[in-house]
Amino acid sequence: MLDPKYVREHQAEVRKALEDCKSKVDLSLYLDLERRRRDLMVSADKRKARLNQASEEMSRLKKEGKDITEYRSKLSELSNEIKTVDAEITAVEKDFHEIELQICNLPHESVPVGGEEANKEVRRVGEPKKFDFKPKPHEELGLTLGILDFEKAAKVAGTRFFSLAGLGAKLERALVNFMLDQNSQKGYQEMVVPHLVNYESMETSGQFPKFIEQAFAIEKDKLYLIPTSEVPLANLHRGETFPAGSIPKKYTAYTPCYRREAGSYGKDTKGLIRLHQFNKVEMFQFVEPEKSMEALDQLTADAEDLLKKLGLPYRVVVLATGDKSFSSVKTYDLEVWLPSQNTYREISSCSNCTDFQARRGAIKFKREGGAKAELVHTLNGSGLAIGRTWLAILENYQQADGTVLVPDALQPYMGGLKMIVPAKP
RNA sequence: GGAGAGAUGGCCGAGCGGUCGAAGGCGCACGCCUGGAAAGCGUGUAGGCUCCAAAAGGGUCUCAAGGGUUCGAAUCCCUUUCUCUCCGCCA
């Protein structure tokens, strides 16, 4: 959500930014409603002031034992007028809020303008390994090794679900533990959070109302399965004010993520790339406004560090205005090298949401000696998507015979295991 | 799931339908006092929206949330949410 006052005073700039984001929001309507809301409020407040004055008067008259019948009926009229205006305000506010929630965050000046094609590679780290055989896709490796199974998952739940067995499951858990340990060492507090959240939480983090179709819903209980732990983490401090000196606050959490993937039929139908359920370790930060751009670089570096330690080649891409996420001003995607696809694929997304989520959720902080509470800035980043890391390891560490080496950093988490070999039938 | 109790300012806690944004206490801040501190005394101590170019100042809203009764609601009525106690069920 944007600051209406800012929008009002920087119309040209906002209009351009919304175009760059391919937003379809009608800014004129937004401004018009905002204007009407204030006008109505002034008119209602004037009447309320009169009523309040009269009310005091009335109380005095009554004490003096005077007759107030006539006076009362006069006020009744005023009272009704107020109710009418208030109803108008409510209606205008509802319309305004509806639009307001549809507006994306304005891109940072450093973000390239354009759609997906304008995304810009920032750096490449690590050399893709040269194989002296044709590298196999992970779904094939996993199947042969007997550690990955989609058929069983499809029977249990449907398409776009997966199941892991034996060392496959163990590798998944090793990655979770490895990442949580690493993040903890970097000052992120480890958290366990709800996987089902209410509507408000989805609204605060920016999923709702725009992306409501993408969420799995438990209608009976009005709860939603989280698409990322960003949602519960962002909402931990909803409606709160951080006392002076208590931010930056950094959290990390491991949760499954549930996504309907509506409209992605036919995309990435094979393997672990795109699923209705996957695991992820997330990083989240609440920081002071002037420090958030710097924090984004640090957060991205923290995510990169995990890939470096796992020995996976990757590149960093800054997403263009039309491709960045709804709530963010700037997003870096980390893309890991996949030998079987001969390309880089997203494995992490790190965003600075500035005060966008904070305004939706009224998340504030106080400065040392500062009088007024201000909105915090929030940042989130995957550190990392576990499923995609799992498959990247299989593909990058595969050997000609179909076995897979365990990266050094993970061996302590795999009971010292150095290689994944086919399971005994 | 059944029965009951409750939700007031940073915290505790009062509050006959009118002068209550709300007594009192604690905490906190500042000042006085002191060689310094404690105690004591004094003063102050919510947030949102809005008017004004801005400051000063003004208006309005907020006593869990939403609705209702009323000229007027923290106070009465309804709904919802949350918390607590007991019973049942349960990893």
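Please read these numbers as outputs of a predicted model, since none were measured by experiment.

K.L.:
Break down the protein's contact with RNA strand B for me, citing the residues and quoting the values.
P.N.:
The full set close to RNA strand B counts 21 residues, and Arg38, Met41, Met58, Lys63 and Ser79 are the nearest of them. Near-protein atoms of RNA strand B (within 4 Å) split between backbone and bases, with sugar and phosphate holding 65%. Contact between RNA strand B and Arg38: a phosphate oxygen at 2.8 Å from a side-chain N or O atom of the residue. For RNA strand B, a phosphate oxygen lies 3.1 Å from a polar atom in the side chain of Asn52. Mapped onto the surface near RNA strand B, the elements with two or more residues apiece are helix 3 (27-63) and helix 4 (69-100). Residue contributions to the surface near RNA strand B peak at 14 residues, all from helix 3.

K.L.:
How would you summarise the pairing of strand 16 (residues 377-385) if you had to cite specific residues and measurements?
P.N.:
For strand 16, the buried fraction is high: nine of the nine residues fall into the buried class. Where strand 13 (residues 343-352) lies against strand 16, three bridges are found, and the strand directions are antiparallel. Bridging from a neighbouring strand, Cys350 pairs with Gly381 of strand 16.

K.L.:
So what's going on with the environment of His377? Residues and values would help.
P.N.:
Summarising the element assignment, His377 is placed in strand 16. You can call His377 buried: its relative accessible area is 11%. Spatially, the C-alpha atom of His377 lies 36 Å from that of Pro128, the residues being 249 residues apart in sequence. Leave out the neighbours within four places in its chain, and His377 touches Gln285, Phe286, Val287, Pro289, Ser292, Thr354 and Asp355. A distance of 3.4 Å separates the side chain of His377 from the backbone oxygen of Pro289, its partner in a polar contact. Reaching out from His377, the side chain makes a polar contact with the side chain of Ser292 at a distance of 2.8 Å.

K.L.:
Can you tell me about the packing of helix 3 against helix 4, naming the residues and giving the values?
P.N.:
At a minimum axis distance of 8 Å, the contact between helix 3 and helix 4 shows a crossing angle of 155 degrees. What the angle tells us is that helix 3 and helix 4 run roughly antiparallel. Where helix 3 crosses over helix 4, the handedness of that crossing is left-handed. Across the contact of helix 3 with helix 4, the residue classes break down as 19 nonpolar, one polar and 14 charged.

K.L.:
So what's going on with unusual backbone geometry? Which residues, and what values?
P.N.:
Put simply, Phe208 and Pro209 share a cis peptide bond, and its omega is 0 degrees. Locating Pro209 in the fold gives a position in the loop between helix 8 (199-205) and strand 6 (217-218). Residues Gly383 and Leu384 are joined by a peptide bond in cis, for which omega reads -5 degrees. Position of Leu384 relative to the elements: it lies in strand 16. Even without being glycine, Arg160 reaches a positive phi, approximately 60 degrees. Residue Lys222 is not a glycine yet carries a positive backbone phi of 55 degrees. Relative to the helices and strands, Lys222 resides in the loop between strand 6 and strand 7 (223-225).

K.L.:
Any details on the pattern of salt bridges? Residues and values, ideally.
P.N.:
Inspection of the entire model under this criterion finds 28 salt bridges. Among the salt bridges present, the one from Glu261 reaches Arg274, with a minimum N-O distance of 3.2 Å. Of this pair, Glu261 sits in the loop between strand 9 (249-258) and strand 10 (277-287) while Arg274 sits in the loop between strand 9 and strand 10; the two residues are 13 residues apart in sequence, bridging distant segments of the chain. Since its relative accessible area comes to 18%, Arg274 is described here as buried. The closest approach of N and O atoms between Asp268 and Arg274, which form a salt bridge, is 3.2 Å. Through salt bridges that share partners, Arg8, Glu34, Arg37, Arg38 and Glu93 make up one connected network.

K.L.:
Give me the lowdown on helix 12 (residues 386-396), citing residues and values where you can.
P.N.:
With respect to burial, helix 12 is a largely interior element, eleven of its eleven residues being buried. Residues Ile386, Gly387, Arg388, Thr389, Trp390, Leu391, Ala392, Ile393, Leu394, Glu395 and Asn396 constitute the buried set of helix 12.

K.L.:
Can you explain the sheet that holds strand 8 (residues 241-242)? Please cite residues and give values.
P.N.:
Judged by pairing direction, the sheet is mixed, and its three strands sit side by side in the order 8-14-15 without closing on themselves. The sheet is open, and its two borders are formed by strand 8 and strand 15 (374-375), each paired with just one other strand. Pairing geometry for strand 14 (residues 364-365) and strand 15, over two bridges, is antiparallel. Opposite Phe365, over in strand 15, you have Glu374 as the bridge partner.

K.L.:
So what's going on with the domain arrangement of chain A? Residues and values would help.
P.N.:
Splitting chain A by domain gives domain 1 (4-100) and domain 2 (116-420). A straight line from the C-alpha centre of domain 1 to that of domain 2 covers 43 Å.

K.L.:
Let's hear about a nonpolar patch on the surface: which residues, and what values?
P.N.:
On the surface, Leu405, Met419 and Val421 cluster together into a nonpolar patch covering about 200 Å² of accessible area. Mapping Met419 onto the fold places it in strand 18 (residues 419-420).

K.L.:
Describe the packing of aromatic side chains, listing the residues and the values that go with them.
P.N.:
Going through the model one piece at a time under the given rule, you end up with twelve aromatic pairs. Here the aromatic rings of Tyr199 and Phe208 are separated by 5.0 Å at their centres, their planes lie at 50 degrees, and the arrangement is tilted. Note on Tyr199: relative accessible area 32%, which makes it partly exposed. Of the aromatic side chains, those joined through ring pairs into one cluster are Phe242, Tyr251, Phe284 and Phe286. Seen from the ring of Tyr188, Lys250 lies directly overhead, with NZ or CZ sitting 4.6 Å from the centre.

Here is what the cut-offs are and how they apply
- Residues numbered from 1 in each chain as written.
- Chains lettered and ligands numbered in written order.
- Predicted model: local features only at pLDDT ≥ 70, side-chain atom pairs only at ≥ 80, totals over all residues.
- Heavy atoms only, no water.
- Near = heavy atom within 4 Å.
- Polar contact = N/O pair within 3.5 Å; in protein donor to acceptor, adjacent residues only side chain to side chain.
- Helix = DSSP H or I, 4+ residues; strand = E, 2+ residues; numbered from the N terminus.
- Buried < 20%, exposed > 50% of the residue type's maximum accessible area, 1.4 Å probe, protein only.
- Pairing = 2+ DSSP bridges.
- Contact = heavy atoms within 4.5 Å.
- Axes fitted to C-alpha atoms, helices over the stretch in contact; angles between N-to-C directions.
- Parallel < 35°, antiparallel > 145°, perpendicular 65-115°, else oblique.
- Left-handed = near helix turned anticlockwise from the far one by under 90°.
- Nonpolar A, V, L, I, M, F, W, Y, C, P; charged D, E, K, R; others polar.
- Salt bridge = Lys/Arg side-chain N within 4 Å of Asp/Glu carboxyl O.
- Domains from an automatic or database assignment.
- Patch = residues over 30% accessible without salt bridge, like charges linked within 9 Å, V, L, I, M, F, W, Y side chains within 5 Å.
- Areas by Shrake-Rupley, 256 points an atom, 1.4 Å probe, with all protein chains shown as cover.
- Phe/Tyr/Trp six-rings, centres within 6.5 Å; stacked < 30°, edge-to-face > 60°.
- Lys NZ or Arg CZ within 6 Å of the ring centre and 35° of its normal.

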